[in-house]
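# Close look at the chain arrangement
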Amino acid sequence: MKIFLVGGARPNFMKIAPLYRELKKKSDLIETKIIHTGQHYDYSMSKVFFEQLGLAEPDYYLNVGSASHATQTANIMMAVEKVFEQDKPDWLFVVGDVNSTIACSLTAVKMGIKVAHVEAGLRSFDMDMPEEINRILTDRISSLLLCSEPSGIKNLRAEGYDMGKIFLVGNTMIDTVAFHLADIKKNDFYKTLDLKANSYACLTLHRPSNVDNADSLLNFYNILDYAAKESEIVFPAHPRTVKNIEKFGLKEKFDSIKNLKIIEPVGYFEFMNLVVNSKFIMTDSGGIQEETTFLGIPCITLRENTERPITCDKGTNKVVGTDFNKVVSAIKWTEVFSRSYYIAPLIWDGYAAERITEIIVNY
Ligand code: UD1
Ligand code: UDP
């Protein structure tokens, strides 16, 4: 059996790394290859993860780069079609909800290649998010729907899917945290930034609704100006965000906030080292809501909704949106958040990729 794994954007690489490791253990039965679409291409958004997470060089690099949604999706489809014409897998494994996910899935099914969607069924119920469109469409055309949390099963059932192709497997992104946790803790990157353990906040922002317009960025300036008076903030800024801060002429304003350290995106070990030693996280990322829930670290989600409700049920995540007063009261909540006796979701046990491999072998 031939299986290809697709990675394109930063959060994909943590999700495919454990699958690659597990599938490789079955190399007597399965030939595994990696396709990298090139949706993300900077060293710090792509190659660093291959180096750190033990992923082999991609077998196919499509080099599509950045563009509008239609152009990027179309470019990926045209490039991956050529790969499938020469080298046709039995299964294509796609993860998450980025443009690379839907583009490769759609190309595959039309060429008779079965698709397995890892992280199926998640729903924000917000069709303004490009990711929600990608999730719904990818699920619709997948032969195997592999869910990371119970809400995924509930959503797919409500949408009328054949329950025979749905499995609750756990979370491959969390497999990666669990596998590397000792090294993440040993890394001590936070010390190189002169930060003290449990005394600073870590921030990430990249959602178009948050960073693609000047008013929203100005609102974040006000929030950060306040928050940085309470504790230091480290902000590994996504290239999209950096470009927009510059485009809207707000760089000087952000740079003027004392106690706000804006840095380049960092590697996985460095970033997770910042997370494990932080007092709290502020983010609009999907994956970081989950990583903090696994680790029992308070997370303030700067979005109006989440497609990962288990993170709120466990009590580590507060989805507060971007209203100044709501963010301020969530920062106060992090002061009283207790990490004692915290138990991570049971299904996030580090063995999702192993379960997925068993399922595909027995399919
Ligand atoms: C994409 C995903 C989003 C995911 C995020 C993870 C889609 C629709 N969006 O958003 O779901 O949460 O990745 O980080 O697939 N850029 C660079 N260097 C890079 C990559 C991007 O400079 O290596 C800049 C370019 O200016 C580009 C912009 O970032 O136009 C946005 O990149 P893109 O991949 O289109 O979307 P993301 O915002 O990264
Ligand atoms: N991450 C990283 N370096 C950074 C910021 C994030 O390694 O500077 C990791 C983070 O730990 C998580 C993943 O990137 O594993 C999340 O990616 P992102 O927030 O870009 O995407 P999303 O999850 O929102 O789709």
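Values in this document were obtained by computation on a predicted structure and should not be read as measured data.

## Digging into the sheet that holds strand β7 (residues 166-168)
- Taken in spatial order, the seven strands of this open sheet run β3-β2-β1-β4-β5-β6-β7, and their pairing is parallel. Taken across any chain shown, the strands that pair with only one partner, and hence form the sheet edges, are β3 (60-61) and β7.
- Where strand β6 (residues 144-147) and β7 come together, three bridges link them in parallel fashion. Note on β7: the bridge partner recorded for Leu-145 is Ile-166.
- Running at roughly 160° to β6, helix α17 (residues 352-362) makes contact with β1 (2-7), β4 (91-95), β5 (114-118), β6 and β7 of the sheet.

## Digging into the packing of aromatic side chains
- Evaluation of the coordinates by the stated rule reveals ten aromatic pairs.
- Here the aromatic rings of Tyr-190 and Tyr-200 are separated by 6.4 Å at their centres, their planes lie at 20°, and the arrangement is stacked. With a gap of ten residues between them, Tyr-190 in helix α8 (residues 189-192) and Tyr-200 in strand β8 (residues 200-204) connect regions that are remote in the sequence. With respect to burial, Tyr-190 and Tyr-200 carry one shared label: buried.
- Counting every residue linked through ring pairs, the aromatic cluster contains Phe-13, Phe-49 and Phe-50.
- The ring of Phe-179 has Arg-21 lying over it, and the distance from NZ or CZ to the ring centre is 3.5 Å.
- The side chain of Arg-140 reaches across the aromatic face of Tyr-161, ending 4.5 Å from its centre.

## Some thoughts on the pairing of β4
- Across the five residues of β4, five count as buried, placing the element largely inside the fold.
- Residue alternation in β4 divides its side chains into two sets, Trp-91, Phe-93 and Val-95 and Leu-92 and Val-94, and both sets are buried.
- Where β1 lies against β4, three bridges are found, and the strand directions are parallel. The residue of β4 that forms the bridge with Leu-5 is Phe-93.
- Two strands pair when backbone bridges link them, and β4 and β5 are joined in this way by five bridges, in the parallel orientation. Across the sheet, the residue bridging to Phe-93 is Ala-116, located in β5.
- Crossover β4 to β5 through helix α4 (residues 99-110) is right-handed.

## Some words on the site of ligand 1
- The immediate surroundings of ligand 1 are formed by 19 residues, with His-40, Asn-99, Glu-131, Arg-240 and Lys-243 found nearest.
- A distance of 2.8 Å is found between an oxygen atom of ligand 1 and a backbone nitrogen or oxygen belonging to Asn-99.
- A distance of 2.8 Å is found between an oxygen atom of ligand 1 and a side-chain nitrogen or oxygen belonging to His-206.
- Look at ligand 1: alone it shows 750 Å² of surface, and the protein chains cover 89% of it.
- One can see that ligand 1 is located within the largest pocket.
- Breaking the shell around ligand 1 down by element, the ones donating at least two residues are α3 (69-86) and α11 (239-247).

The rules behind each value
- Residues numbered from 1 in each chain as written.
- Chains lettered and ligands numbered in written order.
- Predicted model: local features only at pLDDT ≥ 70, side-chain atom pairs only at ≥ 80, totals over all residues.
- Heavy atoms only, no water.
- Pairing = 2+ DSSP bridges.
- Helix = DSSP H or I, 4+ residues; strand = E, 2+ residues; numbered from the N terminus.
- Contact = heavy atoms within 4.5 Å.
- Axes fitted to C-alpha atoms, helices over the stretch in contact; angles between N-to-C directions.
- Phe/Tyr/Trp six-rings, centres within 6.5 Å; stacked < 30°, edge-to-face > 60°.
- Buried < 20%, exposed > 50% of the residue type's maximum accessible area, 1.4 Å probe, protein only.
- Lys NZ or Arg CZ within 6 Å of the ring centre and 35° of its normal.
- Right-handed = clockwise from strand over helix to strand, strands pointing away.
- Near = heavy atom within 4 Å.
- Polar contact = N/O pair within 3.5 Å; in protein donor to acceptor, adjacent residues only side chain to side chain.
- Areas by Shrake-Rupley, 256 points an atom, 1.4 Å probe, with all protein chains shown as cover.
- 1 Å grid on protein atoms, 1.4 Å probe; cavity = no way out; pocket = protein on both sides within 12 Å on 5 of 7 lines; lining within 4 Å.
- Sits in = over half its atoms within 2 Å of the grid points.

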